[in-house]
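Report on the structure
So the chains spell out like this:
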Amino acid sequence: MTAAASPPEVLRAPLVVEFPFTRSLGPVQSAFLTGLREGVVLGVRTSDGKVMVPPTEYDPVTAEEVRELVEVAATGTVTTWAWNGEPRPQQPLATPFAWVLVRLDGADTAILHALDAPGPEAVTTGMRVRVRWAERRTGAITDIACFEPDAGPSDGEPTAPRRDATPHDGHFADAVTGIVAEARLDYTYSPGRAQTAYIGGLSERRTVGERCPSCRKVYVPPRGACPTCGVATTDRVEVGPAGTVTTYCIVNIKAAHTANLDIEVPYVYAHIALDGADLALHGRIGGIPYDRVRMGLRVEPVWTDGGRYPDHYRPTGEPDADYDAYKELI
């Protein structure tokens, strides 16, 4: 009697998706962020007389443009909160803090930000807080470093009245007209059983797909299930290595912040139907001028150093494939 083979280990690895997001600002958002740079919190008055902070360019009820800016106080009241005991990188504070919704004095809506507090026992709904301004302000929401508890006047002093919103023309010198936000997502990715086998095959310079037991289509990369029939795919099939360009695009914008895509433009990305596959995968086309790439071109992989995956595909020198041979894979 022989022991059953152990199932292959399913891969797991940290994955970071990161890119800069650039946007221009309309007059309301421009005034709001410029105001933060100057230590002023601005809101906008909607058609029903309510003051929104942070402001929007359009009334959420009527969808009309709103332009009436008002200044509110840098103090306010916590309306609800949640404790964050394990801050993540690039969050407002490096030590445990509370996420809070704060309705600033003079506003009718709440703004979300961090509250610097020693522990969850120090945070309550209804507590009074104030803005802690960043030491260096540039015209971004991070100009509010965080909120902090507002002890108010000392014992024996009269309670200061809570400030109402006051009109503001929104004019500042050197207004902020655009922002660049670094979007980043850190997570642990597991490709699952099917793509673990696919990645393992690539390390051996093989391309492995899976066949649906019902419709008999071969999917590359495999998905673990047939999207048409809804049944599991477990029959592994090696395809390629050569294939056919089914369609393509010419890239004229150089990739930014991507170390492994230092490629001169223009270049071509194509959908490639590997021989034996019923689903086209995408890959870069090299070894041929970009303006000579065409549908039906026969190509083969050029592997990276170490053979972990195809760096690009190049022409095989074979005659072009007949359109009828790949028309269902476009």
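Higher on the page you've got the structure.
Nothing here was measured: the structure is a model prediction, and the numbers come from that model.

Notes on the overall build of the protein
In terms of helices and strands, the protein carries three helices and 19 strands. By the compact-globule yardstick of 20 Å for 330 residues, the protein is too spread out, its C-alpha radius of gyration being 29 Å. The 330 residues of the protein split such that 36% are buried. Put simply, 58% of the contacts in the protein that link residues at least 6 apart link residues at least 24 apart. Total accessible area computed for the protein in this model is approximately 19200 Å², and 52% of it derives from carbon and sulfur atoms. Separation between the mean location of the 32 positive side-chain charges and that of the 43 negative ones in the protein comes to 6 Å.

Re the nonpolar core
If you look at the biggest cluster of nonpolar residues, it comprises 26 residues, and the most contacted ones within it are Val72, Val102, Leu104, Leu115 and Phe147. For this core, the secondary structure elements donating two or more residues are α1 (27-37), β4 (69-72), β6 (97-104), β7 (111-115), β8 (128-133) and β9 (144-149). Among the elements that line this core, the one with the most residues is β6, at four residues. The contact partners of Leu104, leaving out residues within four places of it in the chain, are Val41, Val53, Val72, Ala73, Ala74, Thr75, Gly76, Thr109, Ile111 and Phe147. With 20 residues, the next largest nonpolar core counts Ile272, Leu274, Ala277 and Val299 among its residues.

A closer look at the sheet that holds strand β2 (residues 41-45)
The four strands lie next to each other as β3-β2-β4-β10, forming an open sheet whose pairing is antiparallel. Edge positions in the open sheet fall to β3 (51-52) and β10 (166-167), since each of these has one partner strand only. Of the pairings in the sheet, the one linking β2 to β4 comprises four bridges and is antiparallel in character. Considered in β4, the bridge of Val44 is made with Leu69.

Things to note about a nonpolar patch on the surface
Where nonpolar side chains cluster on the molecular surface, the patch consists of Leu15, Val17, Phe19, Phe21, Leu185, Tyr187 and Tyr189 and spans about 610 Å² of accessible area. At the level of secondary structure, the elements contributing two or more residues to the nonpolar patch comprise β1 (13-24) and β11 (178-189). No other element matches the four residues that β1 contributes to the nonpolar patch. The topology assignment puts Phe21 in strand β1.

Here we look at the environment of Val102
Within the secondary structure layout, Val102 lies in strand β6. Put simply, Val102 and Met295 are 193 residues apart on the chain and 58 Å apart in space, counted from C-alpha to C-alpha. With residues near it in sequence (within four places) discarded, Val102 still touches Gly76, Thr77, Val78, Thr109, Ala110, Ile111, Val129 and Phe147.

Digging into the packing of aromatic side chains
Evaluation of the coordinates by the stated rule reveals three aromatic pairs. Plain terms: the ring middles of Tyr323 and Tyr326 are 5.5 Å apart, the flat faces sit at 80° to each other, and that makes the pair edge-to-face. One end of the pair is Tyr323 and the other is Tyr326, both in helix α3 (residues 323-326) and three residues apart, which spans about a single turn. Given the relative accessible area of 44%, Tyr323 is considered partly exposed. Under the relative-accessibility criterion, Tyr326 is labelled buried at 6%.

Description of the side chain of Arg298
The residue Arg298 is located in strand β18 (residues 298-303) in this model. Only 3.0 Å separates the side chain of Arg298 from the side chain of Thr244, close enough to count as a polar contact. Look past the residues within four positions of Arg298 in its chain and what remains in contact with it is Ala242, Gly243, Thr244, Asp275, Arg314, Pro315, Thr316, Glu318, Pro319, Asp320 and Ala321.

Quick notes on the rules
Residues numbered from 1 in each chain as written. Predicted model: local features only at pLDDT ≥ 70, side-chain atom pairs only at ≥ 80, totals over all residues. Heavy atoms only, no water. Helix = DSSP H or I, 4+ residues; strand = E, 2+ residues; numbered from the N terminus. Rg over C-alpha atoms; globule rule 2.2 N^0.38 Å. Buried < 20%, exposed > 50% of the residue type's maximum accessible area, 1.4 Å probe, protein only. Contact = heavy atoms within 4.5 Å. Areas by Shrake-Rupley, 256 points an atom, 1.4 Å probe, with all protein chains shown as cover. Lys, Arg positive; Asp, Glu negative; His and termini not counted. Charge placed at Lys NZ, Arg CZ, Asp CG, Glu CD. Core = buried A, V, L, I, M, F, W, Y, C linked by side-chain atoms within 4.5 Å. Pairing = 2+ DSSP bridges. Patch = residues over 30% accessible without salt bridge, like charges linked within 9 Å, V, L, I, M, F, W, Y side chains within 5 Å. Salt bridge = Lys/Arg side-chain N within 4 Å of Asp/Glu carboxyl O. Phe/Tyr/Trp six-rings, centres within 6.5 Å; stacked < 30°, edge-to-face > 60°. Polar contact = N/O pair within 3.5 Å; in protein donor to acceptor, adjacent residues only side chain to side chain.

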